[in-house]
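Remarks on the overall topology
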Amino acid sequence: MSDAFQSWGRFPRAARQAAHPIVWQTDRLPATSGTLLPYGQGRSYGDSCLNEGGTLLTTATLDRLLGFDAATGVVRCEAGVTLDTLLRLAVPRGWFLPVTPGTKFVSVGGAIANDVHGKNHHRAGTFGRYVRRFELLRSDGSRRVCSPEENPDWYEATVGGLGLTGLILWAEVQLRPIHNPFVLTETVPLENLDAFFAVSRESEPDHEFTVAWVDSLARGRKVGRGLFYRGNFAPPQFDGLPLAKSHLSHGSGLAVPFDMPGFSLNRLSVAAFNALYYRANVLKRGQRLQHYDPFFYPLDAVQGWNRIYGRDGFLQFQCVVPHATARAAIQEILERSAREVPSFLNVLKTFGGVPSPGWLSFPRPGVTLALDFANRGERTWRLVAELDRITREAGGAVYPAKDARMSAESFATYFPQLERFKAYVDPAFSSSFWRRVTVAPAVQPAALPLQEGAPLPAVPLRSSL
């Protein structure tokens, strides 16, 4: 057993997990009396990537690029390949990820399992919409290729299915064309929450990427004060500009080398950071050219940034609430955070009407807010439970990939296709999250006996690797 594999939030901790590396697509799953769960890069924040008392199927070595068609932008890779690897392949050839989360250090399998979203949901929807097909390995040894046309029910269960339907072996993803690696961005200061809604409505018709940072300690008429970022990929006239090495976050060398003391994040330090960040970025108001890396992945420039919260970790709360109830619900959530536990990082944006392909996909039309709380024990847990209640009463939902405290009642309310999904869960697969938000049986199901299952033949792509 090992506690080396944890979530990015480092809470809750899982001390009793075995790790079984998956190296080849032909590997069989281990026979065990416990449960199995795929584990990519561990960038989920709560316990959806943990399997206390069970076995993690680690995919870091299942990381081969299998083919790339430079004419159409279709890439085929194993599930352990990271988005960072895809970008290094695709960007020099004029392609980019159609949807990307706030970190590129996630695996393709993890991006599918959580149906991740980005700054362009109002235009592009979720990552799963661009997954053409994938191969799923079940604990009974069976394998099936899943796509919107082939085994579509398995496709819809697995996209956003939290790794519970089986192990994804490889996937094909459709990339999007770009002219160059730059983004034309603009920073707009926000006085309050009303300004956010007004600038969002104004920005979305003409800007593919929109997102806001908000000051979590602003109160009264200033609730929602922050900075709105909007942008589009740069047009062809910016082709050929030299790339500064410092733009690439994987080469920055910045790191948090140790756990910060628990007292370092407090109301005074958060207030000081918020004031400094706001003033520094107000000076950058207006349009400017920016490399894609700091625009999409600013936190990736600091390795181990999650250690600033201390050894007890942190809880991220991310919700989405419908447009009709968003104004009141978001204000109440921000005000409660400002009064009770200050959030260090705060992101606010809108989701559009592009439907998500997965039954358990989180995004839906509305406004989404993400808050990071240092783990202060019962005080933090009570606040997160209260924010969960506000979200539920507003008709919204909480993101499973970021959750560590959601109730079973809330989970069933947020995801009305839950009962349909349960029929597709592999009987040998489970997670700490899944057991927490569903009615667990008295005895966890043992893994089914493995049977021989011949892999389906690979379909080659024209390769420019």
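Thresholds applied
Residues numbered from 1 in each chain as written. Predicted model: local features only at pLDDT ≥ 70, side-chain atom pairs only at ≥ 80, totals over all residues. Heavy atoms only, no water. Core = buried A, V, L, I, M, F, W, Y, C linked by side-chain atoms within 4.5 Å. Buried < 20%, exposed > 50% of the residue type's maximum accessible area, 1.4 Å probe, protein only. Helix = DSSP H or I, 4+ residues; strand = E, 2+ residues; numbered from the N terminus. Contact = heavy atoms within 4.5 Å. Patch = residues over 30% accessible without salt bridge, like charges linked within 9 Å, V, L, I, M, F, W, Y side chains within 5 Å. Areas by Shrake-Rupley, 256 points an atom, 1.4 Å probe, with all protein chains shown as cover. Salt bridge = Lys/Arg side-chain N within 4 Å of Asp/Glu carboxyl O. Lys, Arg positive; Asp, Glu negative; His and termini not counted. Charge placed at Lys NZ, Arg CZ, Asp CG, Glu CD. pLDDT = per-residue confidence, 0-100. Expected span 1.5 Å × (residues − 1). Bend = angle between axes of the 7 residues up to and from the residue.

Looking at the nonpolar core
Most often, soluble globular proteins have nonpolar side chains that are buried together. Residues Phe96, Phe127, Phe134, Phe296, Leu348, Leu369 and Phe411 are the most contacted members of the largest nonpolar core, which totals 114 residues. A total of 6 residues in this core trace back to one element, the largest contributor, which is strand β9 (residues 167-174). Apart from the residues within four sequence positions on either side, Leu369 is in contact with Val214, Phe317, Gln318, Cys319, Ile330, Ile333, Leu334, Val347 and Leu348. Counting 13 residues, the second largest nonpolar core, distinct from the first, contains Phe314, Phe344, Leu345 and Ala374.

Section: the environment of Phe134
Looking at where Phe134 falls in the secondary structure, it is placed in strand β7 (residues 131-137). Classification of Phe134 as buried rests on a relative accessible area of 0%. Along the sequence, Phe134 and Val214 sit 80 residues apart, while their C-alpha atoms lie 38 Å from each other. Excluding anything up to four places from it in sequence, Phe134 contacts Arg144, Val145, Cys146, Trp154, Tyr155, Thr158, Val159, Ile168, Trp170 and Ala171.

Points about a positive patch on the surface
Judged by side-chain charge, Arg219, Arg267, Arg339, Arg376, Arg379 and Arg382 come together as a positively charged surface patch. Within the element layout of this structure, Arg376 appears in the loop between β19 (366-374) and α9 (378-393). For Arg376, a relative accessible area of 33% translates into the label partly exposed.

So, the confidence of the model for the protein
For the protein, per-residue confidence averages 90 on the pLDDT scale, and 91% of positions sit at 70 or higher. In this model, residues 244-248 is a region of pLDDT below 50 whose contacts with residues beyond four sequence positions or in other chains number 5 contacts.

Quick notes on helix α8 (residues 323-339)
In this model α8 runs 25 Å from its N-terminal to its C-terminal C-alpha over 17 residues, within 8% of the 24 Å that 1.5 Å per residue would give. Ala329 marks where α8 bends most, by close to 25°. Looking at α8, one finds that the buried residues are Ala326, Ala329, Ile330, Ile333, Leu334, Arg336, Ser337 and Ala338.

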